[in-house]
Amino acid sequence: MSLKSIMRELKEMKDGIGNMSKRGDRTRSHVAPDEAPLEPELAEQSSWANLPPELLLDIIQRVEESETAWPARAVVVFCATVCRSWRGITKEIVKTPEQCGRLTFPVSLKQPGPRESLIQCYIRRDRTTSTYLLFCGLVPSEGESDKLLLAARKVRRATCTDFVISLVADDFSRASNMYLGKLRSNFLGTKFTIYDSQPPCDSIIPSTARASRRFHSKQVSPRLPACNYSIGTVGYELNVLRTRGPRRMHCIMHSIPVSAIQEGGTAPTLSALPKSFDEQLYPLSSKGKELIIDPISPSLLATPVFSSGSAEPLALKNKAPRWHEQLQCWCLNFKGRVTVASVKNFQLVAAVEPSHNVSPEEQEKVILQFGKIGKDIFTMDYRYPISAFQAFAISLSCFDTKPACE
C-alpha cells in the first residue's frame, strides 16, 4: 500500500471518529487534541490497531517526514488518534519545536522554538469582538485555511486590561480546558504580567507574600494551587518628555534562566498539558460559579511566581532602530516580514552582561519580532528559548493603549 493510500484512509478514519464527538468538531480550529476522543469499539475493531510494531513505526516515520506544514500536517495528528499503540509511537517520533522546527500538538505551543530559525506566524485583529487570532503561516492565505494556533480576547477592567488566551476562538472561559493563560496590564499600560494556567515545569517557587484568595469550592488537586502562575513581565519605559521615537520595552522571563542561551544551555521544556484544566485548576462550585482569585491586592506577588531556582532569569530588550535620513523615520531590518511603519513594530534580543558569557552571535539573534503588514494584520516570528504562547503574550502587550509611553 502506498503512503498516499495510507494517509487517505487515516483521514477518512479521523473524519468518522470526529463526527462522533462534540470535541472532535471543536478541536478542528486549533493545533491538535492532546487527548483524542476515540470510540473503544471502533479502535479495537480497526485492522490498523493490529499492525506489527516495526511496520507501524515505519509508516508513522514516513508520514512525519513527508507532511511538514499545515494543513497537510494534520495527517500526523490523525496517526495519534487511531488507537493507543499508534498514539504512543507517534508521540515518540514527533519531536519538539526546538528539535524539528514544527508545531504539531497543543503542548508544542508551550515548548521553546527552534534554535537556528524562526517559526513564522501572523496575528489577525478583530476590532469588533476585541479578539486576536494567531495563525501558522507567512501571510494570510486566500482561502483562509491557515492553521489557528492561539486566540486571545481583550477584556477591559476598571484598573487593568486582561488578554485571555485560549486554544480556540470561541471559548475564553477560565473554567474551560481550552484556557491557557492571560496577559494583564497595570493601570497605565506600562507593565504587563504573563500568567500561565500551569507551572512551566514540575516545580515552582511560590512568592514570599501571602496570596489573598477566596474560593467558591474546594481545591481539587492539593499539588497545584488553583490560580495562574506568573512566568514573565513586559515593561515599557515612560516617555515623560513626550519625545518622538519608538517605544522602549524590556521583558523578564522568570521561567527561563539566562543560562538557556549560553553554550550548552537548555530551556525548560513542558512535556504534556493537563488532561483536564477545569478539573485540576478551576473547579466549579455547586452554584456553577468559577473559582475566584481575590483581586483586592494589586501586588503581582499575590500569584505564585515561577522561578528557575537560584539562576538569573532571562531578560529581553527591544533592538535599537536606526534613524533613516532619507525616509525620515526609525528603521529596523525585518527581512521583508514587516511592510507598514507602526509604533507597535519591534524586535527583541537578549539583554545580557559580559559576566553571562553569552557569545556575540547569540546576543545579536532576534528572539521575537513583531510588525504590521496590513490593516489589522501583523506578523509574529519567534525562536528559542521562548515558546509560541510566550511570544503571543508579549506581542499582545502592543495592542493595549499606552498614553504615557508615546
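Owing to the predicted nature of the structure, the values given are computational and were not obtained by experimental measurement.

Parameters and conventions
Residues numbered from 1 in each chain as written. Predicted model: local features only at pLDDT ≥ 70, side-chain atom pairs only at ≥ 80, totals over all residues. Heavy atoms only, no water. Helix = DSSP H or I, 4+ residues; strand = E, 2+ residues; numbered from the N terminus. Buried < 20%, exposed > 50% of the residue type's maximum accessible area, 1.4 Å probe, protein only. Contact = heavy atoms within 4.5 Å. Areas by Shrake-Rupley, 256 points an atom, 1.4 Å probe, with all protein chains shown as cover. Patch = residues over 30% accessible without salt bridge, like charges linked within 9 Å, V, L, I, M, F, W, Y side chains within 5 Å. Salt bridge = Lys/Arg side-chain N within 4 Å of Asp/Glu carboxyl O. Phe/Tyr/Trp six-rings, centres within 6.5 Å; stacked < 30°, edge-to-face > 60°. pLDDT = per-residue confidence, 0-100. Axes fitted to C-alpha atoms, helices over the stretch in contact; angles between N-to-C directions. Parallel < 35°, antiparallel > 145°, perpendicular 65-115°, else oblique. Left-handed = near helix turned anticlockwise from the far one by under 90°. Nonpolar A, V, L, I, M, F, W, Y, C, P; charged D, E, K, R; others polar. Core = buried A, V, L, I, M, F, W, Y, C linked by side-chain atoms within 4.5 Å. Pairing = 2+ DSSP bridges. Polar contact = N/O pair within 3.5 Å; in protein donor to acceptor, adjacent residues only side chain to side chain.

Draft legend 1. Focus on the overall build of the protein chain. A tally of helices and strands in the protein chain yields ten helices and 14 strands. Within the span of the protein chain, comprising 406 residues, buried residues form 52% of the whole. Residue pairs in contact within the protein chain that sit at least 24 positions apart in sequence constitute 66% of those at least 6 positions apart. Of the roughly 20,200 Å² of accessible surface on the protein chain, 51% is carried by carbon and sulfur atoms.

Draft legend 2. View of a nonpolar patch on the surface. There is a patch of nonpolar side chains on the surface, built from Phe187, Leu188 and Leu238 and spanning about 340 Å² of accessible area. Tracing the sequence through the fold places Leu188 in the loop between β5 (179-185) and β6 (191-196).

Draft legend 3. Examining the packing of aromatic side chains more closely. In this structure the tally under the stated criterion is nine aromatic pairs. For the pair Phe192 and Tyr236, a centre-to-centre distance of 6.0 Å together with 75 degrees between the ring planes defines the contact as edge-to-face. Of this pair, Phe192 sits in strand β6 while Tyr236 sits in strand β7 (residues 229-236), placing them 44 residues apart in sequence. A relative accessible area of 0% places Phe192 in the buried class. When the ring of Phe346 is compared with that of Phe370, the centres are 5.6 Å apart and the planes differ by 25 degrees; the resulting orientation is stacked. Taken together, the residues Phe346 in strand β12 (residues 346-350) and Phe370 in strand β13 (residues 368-374) connect sequence positions 24 residues apart. The buried category is assigned to Phe370, whose relative accessible area is 0%.

Draft legend 4. Inspection of the confidence of the model for the protein chain at higher detail. Per-residue pLDDT for the protein chain has a mean of 78; in total, 70% of the residues score no lower than 70. Below a pLDDT of 50 lies the segment residues 20-30, which in the model reaches 26 contacts outside its immediate sequence neighbourhood of four places, other chains included. Every residue in residues 202-226 scores below 50 in pLDDT, and together they form 49 contacts with partners more than four places removed in sequence or on other chains.

Draft legend 5. Spatial organisation of the packing of helix α4 (residues 53-66) against helix α6 (residues 84-93). At a minimum axis distance of 10 Å, the contact between α4 and α6 shows a crossing angle of 50 degrees. Taken together, the axis directions place α4 and α6 in an arrangement best described as oblique. For the pair α4 and α6, the sense of crossing is right-handed. Between α4 and α6, the residues in contact are Pro53, Leu56, Leu57, Ile59, Ile60, Gln61 and Glu64 and Ser85, Trp86, Ile89, Thr90 and Ile93, respectively. Partitioning the contact of α4 with α6 into residue classes produces eight nonpolar, three polar and one charged.

Draft legend 6. Spotlight on the nonpolar core. Met380, Tyr382, Phe392 and Ile394 are the most contacted members of the largest nonpolar core, which totals 54 residues. The greatest single-element share of this core, amounting to seven residues, is contributed by helix α10 (residues 388-396). By size, the runner-up hydrophobic cluster in this structure holds 23 residues, among which are Trp70, Cys83, Leu270 and Leu273.

Draft legend 7. Highlighting the sheet that holds strand β8 (residues 249-257). The twelve strands lie next to each other as β1-β2-β3-β4-β5-β6-β7-β8-β9-β12-β13-β14, forming a closed barrel whose pairing is antiparallel. Each strand axis lies, on average, 20 degrees off the axis of its neighbour in the sheet, ignoring direction. One ladder, built from six bridges, connects β13 with strand β14 (residues 377-382); its direction is antiparallel. Counted as the bridge partner of Gly371 is Thr379 from β14.

Draft legend 8. Expanded view of the pairing of β8. Within β8, seven of the nine residues are buried, which leaves it mostly tucked inside the rest of the structure. Relative to β8, β7 runs antiparallel, the two sharing five bridges. Bridging across to β8, Val234 finds its partner in Cys251. Pairing of β8 with strand β9 (residues 313-318) involves five bridges; the strand directions are antiparallel. Looking at β9, one finds that Ile252 is bridged to Ala315.

Draft legend 9. Examining the environment of Arg157 more closely. Inspection of the secondary structure assignment puts Arg157 in the loop between β3 (147-156) and β4 (161-166). With residues up to four places along the chain from it excluded, the contact list for Arg157 reads Asp162 and Arg184. Within polar-contact distance, the side chain of Arg157 engages the side chain of Asp162 at 2.8 Å.

Draft legend 10. Examining unusual backbone geometry more closely. For the peptide bond that leads from Trp70 to Pro71, omega is 10 degrees, which places it in the cis range. Examined against the element boundaries, Pro71 turns out to sit in the loop between α4 and α5 (74-80). A cis amide bond links Tyr384 with the next residue in sequence, Pro385, at an omega value of 15 degrees. Residue placement: Pro385 occurs in the loop between β14 and α10. Its identity is not glycine, yet Lys335 carries a phi of approximately 55 degrees, on the positive side. Locating Lys335 in the fold gives a position in the loop between β11 (329-331) and β12. For Asp376, which is not glycine, the phi dihedral falls at a positive 65 degrees. On the secondary structure map, Asp376 appears in the loop between β13 and β14.

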